[in-house]
Amino acid sequence: MKGDWVEIVVDAGDTTRTYEVRATKAGRRVETQVRRGVVEVSEVTRSGTAVRTARFMANRVLALVEHPLPRPDGPVAEAG
């Protein structure tokens, strides 16, 4: 959903670097996948097409933090 973002902290040898991937437009979302030693974070459209992708070696990733935009709870259940 627009406004969701993922923060990736990576070991860069003598320091750390922080990267962000955000869902920038309505209908887009951020997806995270870990496979074959690679962490892949992508901004994806409604149809599933990746707009932007960031790839990092899994052994260099120190933290992967997902920041979902606060959403109202589902439909309110009526007592009755």
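About the criteria used
Residues numbered from 1 in each chain as written. Predicted model: local features only at pLDDT ≥ 70, side-chain atom pairs only at ≥ 80, totals over all residues. Heavy atoms only, no water. Pairing = 2+ DSSP bridges. Helix = DSSP H or I, 4+ residues; strand = E, 2+ residues; numbered from the N terminus. Axes fitted to C-alpha atoms, helices over the stretch in contact; angles between N-to-C directions. Polar contact = N/O pair within 3.5 Å; in protein donor to acceptor, adjacent residues only side chain to side chain. Contact = heavy atoms within 4.5 Å. Buried < 20%, exposed > 50% of the residue type's maximum accessible area, 1.4 Å probe, protein only.

**Q** It is not clear to me how the sheet that holds strand β1 (residues 5–11) should be interpreted in this structure. Could you clarify?
**A** Adjacent strands of a sheet form backbone hydrogen bonds with each other and so pair up, either parallel or antiparallel. With antiparallel pairing, three strands are arranged side by side in an open sheet as β2-β1-β6. Of all the strands in the sheet, the pair left with one neighbour each is β2 (16–22) and β6 (61–67). Ignoring strand direction, the axes of neighbouring strands in this sheet form an average angle of 15°. Note: β1 against β2, seven bridges, orientation antiparallel. Each residue of the ladder has a partner; that of I8, found in β2, is Y19.

**Q** I tried to follow the side chain of S42 on my own but got confused; where do I start?
**A** For S42, the position within the fold is in strand β4 (residues 38–44). Of note is the side chain of S42, whose polar atom sits 3.1 Å from the side chain of T53. Contacts of S42, omitting those with residues within four sequence positions, involve V21, R29, V30, E31, A50, R52 and T53.

**Q** Help me out: how do you make sense of the environment of S42 in this one?
**A** The class of S42 is buried, set by a relative accessible area of 7%. Sequence separation between S42 and T53 is 11 residues, and the spatial gap between their C-alpha atoms is 4.2 Å.

**Q** How should I be thinking about the sheet that holds β4 in this particular structure?
**A** Strand order in the open sheet formed by three strands is β3-β4-β5, with antiparallel pairing between adjacent strands. A strand with exactly one partner marks an edge of an open sheet, and here the two such strands are β3 (29–35) and β5 (50–57). Within this sheet the neighbouring strands show an average axis-to-axis angle of 15°, counted without direction. Looking at chain direction, β4 and β5 are connected through seven bridges and run antiparallel. Each bridged residue has a counterpart across the sheet, and for S42 the counterpart in β5 is T53.

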